[in-house]
Amino acid sequence: AVSAASDVWVLADVVDGRHAFPASAGALVDQVSARPDVLLALLWTGLITTFATVVVETIALAKISAKETSLLFSTEPLWGAAFASYALDEHLG
């Protein structure tokens, strides 16, 4: 539902002319290089929140058994809900 809502939002912006997609890859590079904050956000997202997380997770999972790994992955939604409840003051139920 969130993905569909964001897709509709972007399409509405494009139709209204408030946002335009770059015409080419070169135009996209020009837009990103003109905004250092966007470039920094892309680097942070790519290197820290994606690459580093996968490396640390892989190292950690290599040190525990398959049973423990399975238990950890199967309870991941519970950990996410608990974190959202605590850190973001979300209400469950």
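This write-up is about the structure you can find in this document. The structure displayed is predicted, hence computed values, not measured ones. (Residues numbered from 1 in each chain as written. Predicted model: local features only at pLDDT ≥ 70, side-chain atom pairs only at ≥ 80, totals over all residues. Heavy atoms only, no water.)

## Some details on the overall build of the chain
Reasoning step 1: Check the secondary structure of the chain and you find 5 helices and 0 strands.
Reasoning step 2: The N-to-C order of helical and strand elements in the chain reads α-α-α-α-α.
Reasoning step 3: With 93 residues in all, the chain has 5% of them scored as buried.
Reasoning step 4: Accessible surface computed for the chain: about 8000 Å², of which carbon and sulfur atoms make up 71%. (Helix = DSSP H or I, 4+ residues; strand = E, 2+ residues; numbered from the N terminus. Buried < 20%, exposed > 50% of the residue type's maximum accessible area, 1.4 Å probe, protein only. Areas by Shrake-Rupley, 256 points an atom, 1.4 Å probe, with all protein chains shown as cover.)

## A closer look at the side chain of Thr75
Reasoning step 1: Relative to the elements of secondary structure, Thr75 occurs in the loop between helix H4 (66-74) and helix H5 (76-87).
Reasoning step 2: A distance of 3.2 Å separates the side chain of Thr75 from the backbone oxygen of Leu72, its partner in a polar contact. (Polar contact = N/O pair within 3.5 Å; in protein donor to acceptor, adjacent residues only side chain to side chain.)

## Notes on the environment of Ser85
Reasoning step 1: Mapping Ser85 onto the fold places it in helix H5.
Reasoning step 2: Once residues within four sequence positions are removed from consideration, Ser85 is found in contact with Glu90 and Leu92. (Contact = heavy atoms within 4.5 Å.)

## So, the pattern of salt bridges
Reasoning step 1: Taken as a whole and assessed by the stated rule, the structure comprises 1 salt bridge.
Reasoning step 2: A salt bridge links Asp37 to Arg35; the shortest N-O distance between them is 2.8 Å. (Salt bridge = Lys/Arg side-chain N within 4 Å of Asp/Glu carboxyl O.)

## Observations concerning unusual backbone geometry
Reasoning step 1: One non-glycine residue, Asp89, lies in the positive phi region at around 60°.
Reasoning step 2: For Asp89, the location among the structural elements is in the segment after H5.

## Here we look at the layout of surface pockets
Reasoning step 1: Roughly 160 Å³ of internal volume is contained in the largest pocket.
Reasoning step 2: Together, Glu57, Leu72, Phe73, Glu76, Trp79 and Gly80 line the largest pocket.
Reasoning step 3: Of all elements in the fold, only H4 and H5 reach the threshold of two or more residues within the lining of the largest pocket.
Reasoning step 4: Each residue belonging to the lining of the largest pocket can be placed in one class, and the counts come to 3 nonpolar, 1 polar and 2 charged. (1 Å grid on protein atoms, 1.4 Å probe; cavity = no way out; pocket = protein on both sides within 12 Å on 5 of 7 lines; lining within 4 Å. Points joined across faces, edges and corners; volume = space filled by probe spheres on them. Nonpolar A, V, L, I, M, F, W, Y, C, P; charged D, E, K, R; others polar.)

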